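Inside the fold
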Amino acid sequence: MKALILIFSGAIVLLFAGLGKNERKLLPLVWLTLFLALAMNGLEYFGWELPWEQQWSSMLQFNKFSLAFNFLLILLALLGSMLFVPRLEDKGADVFALMLFSLCGGMLMTSFTSFFMLFLGLEIMSIPLYVLAGSRKEDLRSNEAALKYYLMGSFATGILLFGVAMVYGTTGSFDIYEIGLRYTGATMLTGMSPMAKIGILMVMFGLLFKIAAAPFHFWAPDVYTGSPGRVTAFMATVVKTAGVVAMFRLFAISFGIADNFWGPTLAILAALTMFVGNLSALRQDSFKRMLAYSSVAHAGYLLLAILVHNQNSGKALLLYMTGYGLAALSAFALIHKVSREQGREDVSAFDGWAKRYPVESFALLISLLSMTGIPGTAGFAGKYFLFSSAFEGYTWLIIFALVLSAVSVAYYFRVIIAMYFRDSGNDASSVEGSAMSVRLALIICTALNIAAGIAPWFILERI
Amino acid sequence: MNAESLTPVDQYIYLSSLLFCIGMAGVLLRRNAIVVLMCIELMLNAVNLLFVSLSTYMGDASGQIFVFFIMVVAAAEASVGLAILVMVYRNTRSTNISFLDKIKN
């Protein structure tokens with residue numbers, strides 16, 4: 001809770017600081033806020049100031065589960081703010097403040113115990129993002145991304161709310177534990193009513209929209225490609241984590257008892273998501289668009305955790321999100337760098353990169369290996385624990401997922417081959433070194449990724 | 001007033017489901033962004049109607065409080081949406097969403 005208050009007040013201070021002329025001081029202020037929040041969250045986690053299981057009038061609950069995920073969210077936001085150097089024309093203050101507000105919404109979504117907070121968290125997270133997606137006002141692609149994201153996002157909110165109304169109509173409560181109890185009783189006595197079933201399905205569809213799972217993913221490639229790089233990275237990491245965690249919490253606590261009703265639907269959608277994401281990524285030339293489809297594919301793998309919804313899959317979810325988040329952040333940051341230098345984002349822009357940028361290429365290599373799931377990286381450990389937690393009940397789905405992750409090697413390795421085994425036509429092109437903060441953040445991302453791959457138990461024991 | 005003269009709650013459920021479906025069809029079929037925005041509002045208001053009638057039916061006030069939250073959020077969302085629309089209009093001189101296919105090409 002204190003980390004949340006800290007980030008919120010940091011965002012307000014930042015808005016006022018933007019009035020002054022000292023634009024240079026803004027970015028360190030963002031880093032300071034996020035770093036303090038990270039430290040505060042750590043202290044809360046280890047019970048130094050507050051007991052773990054603190055409830056805030058049955059609206060929010062900060063236990064080990066939500067504090068661990070909050071830590072991950074703040075860490076990803078901090079690294080994300082270090083990895084992207086603002087352009088000269090970007091004013092900065094409003095963009096960073098909106099990002100911090102959005103992060104606050106994400107932190108509510110990991111710790112809600114009531115539909116009130118789920119809804120408010122979702123909107124506090126989404127509304128700043130609609131603005132952020134369009135933050136390059138003159139760029140038509142950014143405009144298009146903002147409008148598409150806005151229309152699809154509010155459509156999804158409407159569907160989610162209709163589902164919430166149906167659930168409320170069958171249980172008379174907004175508290176997720178209370179709803180779980182009511183549904184347990186109802187299932188034992190009479191079975192689920194049709195209204196409850198419609199409600200659960202619509203809540204599911206609304207949340208699937210937000211995490212860009214098929215068949216509700218069609219907005220994602222356009223929005224991810226059109227938005228400014230910083231925002232895309234934020235969407236693919238922080239927003240996706242918050243959405244999946246909210247869905248996990250809700251389906252584990254409230255709807256867990258009815259999983260033989262929604263389980264098969266979600267399993268089919270998970271298979272469809274993996275299939276569509278991986279196969280469409282194969283055909284893309286633009287690296288950014290390829291990563292957007294790969295992010296859809298990863299959403300499919302993450303749905304496995306929701307299907308199983310037990311303690312082990314929650315742990316695997318944390319590990320998987322750590323690996324994917326760190327990898328996606330550095331990959332999007334390097335796409336940003338390439339597109340600023342060469343004005344294009346396709347795979348051939350990376351030809352001969354390893355000679356010019358050894359550090360950056362190594363970071364991209366590790367993050368692509370991690371997304372593929374090569375042993376020694378966090379991505380492999382995450383996939384291993386996630387798949388093994390779901391293997392008992394959903395064997396066919398795990399085999400399908402393994403086949404598709406083998407397919408994904410094809411498109412991830414295209415970039416690696418371009419970097420290490422191709423020559424760029426123009427060797428004379430000037431080598432523009434990255435800023436100090438970017439380099440530091442890339443090294444942290446890579447080091448954490450490898451460390452989590454070698455010693456995954458350290459992260460698994462956090463929940 | 002006896003109980004029979006009151007409208008039963010299931011008719012409210014049918015009405016709000018119908019309104020919701022009209023809104024959803026509008027979002028999916030119409031090409032004018034302003035009409036799409038109106039249809040999203042219609043969907044949210046259908047949800048509001050559903051919440052209020054269910055809340056009265058069950059004699060529990062929290063459903064009506066939820067409606068206030070939806071209204072506030074819908075207002076915030078609509079203002080952001082209209083701002084985005086103005087921004088798009090300045091660049092394209094149109095509110096037709098089928099013009100928005102620049103990213104793919």
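Look up: the structure comes first, before these words.
First, a word on what this report is: a plain description of the structure on this page. (Residues numbered from 1 in each chain as written. Chains lettered and ligands numbered in written order. Predicted model: local features only at pLDDT ≥ 70, side-chain atom pairs only at ≥ 80, totals over all residues. Heavy atoms only, no water.)

**What to know about the overall build of chain B**
- Across its full length, chain B carries three helices and zero strands.
- Since a compact globule built from 105 residues should have a radius of gyration of about 13 Å, the 18 Å found for chain B marks it as more spread out than a globular shape.
- Taken along its principal axes, the extent of the C-alpha atoms in chain B is 60 × 25 × 25 Å.
- Relative to its 105 residues, chain B shows a buried fraction of 39%.
- Long-range contacts, defined as pairs at least 24 residues apart, comprise 52% of the intrachain contacts of chain B with a sequence gap of at least 6.
- Carbon and sulfur atoms make up 65% of the accessible area of chain B, which amounts to about 6100 Å² in all. (Helix = DSSP H or I, 4+ residues; strand = E, 2+ residues; numbered from the N terminus. Rg over C-alpha atoms; globule rule 2.2 N^0.38 Å. Buried < 20%, exposed > 50% of the residue type's maximum accessible area, 1.4 Å probe, protein only. Contact = heavy atoms within 4.5 Å. Areas by Shrake-Rupley, 256 points an atom, 1.4 Å probe, with all protein chains shown as cover.)

**Here's the deal with the overall build of chain A**
- Summing up its helical and strand segments, chain A has 19 helices and two strands in all.
- By the compact-globule yardstick of 23 Å for 463 residues, chain A fits well, its C-alpha radius of gyration being 21 Å.
- Each of the three principal axes of chain A carries a C-alpha extent, and together these read 75 × 55 × 45 Å.
- Taken as a whole, chain A presents about 16200 Å² of accessible surface, with 68% of it coming from carbon and sulfur.
- Positive and negative charge centroids in chain A, built from 31 and 26 side chains respectively, lie 1 Å apart. (Lys, Arg positive; Asp, Glu negative; His and termini not counted. Charge placed at Lys NZ, Arg CZ, Asp CG, Glu CD.)

**Digging into the pattern of salt bridges**
Residues and elements named next belong to chain A.
- Scanning the model with the defined rule gives nine salt bridges over all chains in all.
- A salt bridge links Arg 439 to Glu 360, with the nearest nitrogen and oxygen atoms 3.8 Å apart. Remark: Glu 360 occurs in helix 15 (residues 358-372) and Arg 439 occurs in helix 18 (residues 436-454); sequence separation between them is 79 residues.
- Judged by its relative accessible area of 31%, Arg 439 is partly exposed.
- One network of salt bridges, with partners in common, ties together Glu 144, Lys 148, Asp 222 and Arg 289. (Salt bridge = Lys/Arg side-chain N within 4 Å of Asp/Glu carboxyl O.)

**Examining the side chain of A:Thr273**
All names here are of chain A.
- Examined against the element boundaries, Thr 273 turns out to sit in helix 11 (residues 259-282).
- Polar side-chain contacts of Thr 273 include one of 3.1 Å to the backbone nitrogen of Ala 214.
- Those residues in contact with Thr 273, other than ones at most four positions away along the chain, are Ala 213, Ala 214, Val 296, Ala 297, Ala 299, Gly 300 and Leu 303. (Polar contact = N/O pair within 3.5 Å; in protein donor to acceptor, adjacent residues only side chain to side chain.)

**Brief notes about unusual backbone geometry**
- Between A:Ala214 and the following residue, A:Pro215, the backbone shows a cis peptide bond with an omega angle of 0 degrees.
- Of note, A:Pro215 is situated in the loop between helix 8 (194-210) and helix 9 (219-226).
- Even without glycine at this site, A:His309 takes up a positive phi of about 35 degrees.
- Backbone geometry at B:Arg93 places phi at a positive 60 degrees, although glycine is not the residue there.
- Locating B:Arg93 in the fold gives a position in the segment after helix 3 (62-92).

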